Amino acid sequence: MNDVPLRETENSESYQVRLEVFEGPLDLLLFLIRKKKIDIHNIPIAVITKEYLEYLGREEQINLDREAEFVLMAALLIHIKSQLLLPREQPLGEGEDPRRFLVDQLVEFQKIKAACSILKEREEGQLSLWTREALPPLPEPAEADLVEVSLFDLAESFFILMKRKEAENFRVVRGKNFSLEEKMKEIIAALEKEGVLDFLEYFNRQETLEEAIVSFFSLLELIKVRLVMAVQERLFQTIKVWLRRESQARQ
Amino acid sequence: MAPGLKEIVEALIFVSLEPLPLEKITETLNDFPAAEVEQAVRDLVESTASAERGISLIQSGGGYVFTTRPEFDPWVRRFLKIDRKSKLSSASLETLSIVAYHQPVTLSEISALRNVDSSYTIKTLLEKKLVKITGRKKSPGNPLIYRTTERFLAYFGLNSLDELPTEEEIAKILGEDKTVEQAPKP
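The rules behind each value
Residues numbered from 1 in each chain as written. Chains lettered and ligands numbered in written order. Predicted model: local features only at pLDDT ≥ 70, side-chain atom pairs only at ≥ 80, totals over all residues. pLDDT = per-residue confidence, 0-100. Helix = DSSP H or I, 4+ residues; strand = E, 2+ residues; numbered from the N terminus. Contact = placed C-beta atoms within 7 Å. Expected span 1.5 Å × (residues − 1). Buried ≥ 20, exposed ≤ 12 C-beta atoms within 10 Å, placed from the backbone. Arc of directions from axis to C-beta. Axes fitted to C-alpha atoms, helices over the stretch in contact; angles between N-to-C directions. Parallel < 35°, antiparallel > 145°, perpendicular 65-115°, else oblique. Nonpolar A, V, L, I, M, F, W, Y, C, P; charged D, E, K, R; others polar.

(A) Expanded view of the confidence of the model for chain B. All names here are of chain B. Looking at chain B as a whole, its pLDDT mean stands at 84, while 93% of the residues score no less than 70. When pLDDT is averaged over each helix and strand of chain B, the minimum, 67, is found for helix α9 (residues 167-182) and the maximum, 92, for strand β3 (residues 105-106). Taken as a whole, residues 179-186 scores under 50 in pLDDT and shows 2 contacts with residues more than four places along the chain or in a different chain. Here the complex is predicted with pTM 0.58, and the ipTM for its interfaces comes to 0.75.

Below you can see the structure in the form of structure tokens.
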């Protein structure tokens, strides 16, 4: 492993080493084992425990959240040491070394660390290769994932429009009456021709307040009988009106 | 080989949104003999490798994909306004390689191998879509089971889990370590 967390200081009257934060207790143990040039399969537990505890006592950089994990390892080390010291009635058999559990863990962890260093190199190489990032496909019009607007959204947009129209202060005198039925037919015809209507834009095209109001009611009626669908692509965006697909199929 | 076959393959890989597996190419071009299509793919890889171009065709994440050449990385990043790509932390890398080698694996198994609580790390890996949850283990507590994703393979330029560093490669690294340690200190 070439990422030993170790940095030598320049002025070395006495040999000084500064340790950086370790990822975990196994990291620290492996480091100590390497520092002491210990055979991982034959660890002198007394030596390593002393080193480990010394390090814990000295080191203030250990992440507090992880402290427990380091202390747990210390306890394990002491436990192993005590097992080695206690006299036994029967000598230990082959492979019954109390250190076995720890050694297995260390060996496995060492392998993982080695794999990590290979993967790290690969990561380095891959990060300078760029592929085209695919954008998610745009939603099809009238697809179900659009937000279907509520009556209140429609009404709110409508009142904004009415305010605008009022401000325009039309003085059109016309003796024409607008019927709902005619307006509905007109909207359907427009939808069939254009496919989609912009709600705000459509009402802006209406000449008088009365006509606009009638168109609004017609639209509500059309929505109610499920001939058209009003959707909003995103919140606060303009409301669009589509013919319902099933109604198109019916005609 | 049928004329234009190489170019057809190139077009397919170009429009594909993700690494395009060879099977998918042969399946699409089923009006040509599979062997010819495979040859066309090989030729294409070869010709993009030799040509003086900004992109090359590589096999990664289980399929063929066009990537920029590494030497043009600085300009691509300037264009995309990315100072540098963020790398995985060593905790993430550790956890990820445990998942890769020990999958299917549970969180407590990962934590036991590392001797470190890994719940936060696994969460970040899930967010990065480098690992995924594939079910629950039938053991006490029914813990979640984790596996690596296709994206994991692509991230490291691997085509399958078989391409992970092998025991020999790992042993070699550990061996090299020893020789370094045994060298006398200056």
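Let's pick the thread back up.
(B) Structural detail: helix α8 (residues 209-224) of chain A. Residues and elements named next belong to chain A. Spanning 16 residues, α8 covers 23 Å between terminal C-alpha atoms, matching the ideal 22 Å at 1.5 Å per step. Those residues of α8 that fall on the buried side of the exposure criterion are A212, S215, F216, S218, L219 and L222. Seen end-on, α8 carries its buried residues on one side only, within an arc spanning 165°. R226 occupies a position one or two residues after α8 and carries a positive phi of about 60°.

(C) Unusual backbone geometry, seen in detail. Residues and elements named next belong to chain B. Across the junction of Q103 and P104, the peptide omega takes the value -5°, indicating a cis bond. Inspection of the secondary structure puts P104 in the loop between α5 (90-102) and β3. The backbone of N115 shows a phi angle near 60°, a positive value even though the residue is not glycine. You can see N115 is positioned in the loop between α6 (107-114) and α7 (119-127). Classification of N115 as buried rests on a count of 23 C-beta atoms within 10 Å.

(D) Structural context of the packing of helix α4 (residues 100-126) of chain A against α5(B). In contact at an axis separation of 9 Å, α4(A) and α5(B) are set at 105° when each is read in the N-to-C sense. Looking at the two axes, α4(A) sits roughly perpendicular to α5(B). Listed contacts from α5(B) to A:I112, A:A115, A:C116, A:L119 and A:K120 of α4(A) are B:L93, B:E94, B:S97, B:I98 and B:Y101. By residue class, the composition of the contact of α4(A) with α5(B) is 7 nonpolar, 1 polar and 2 charged.

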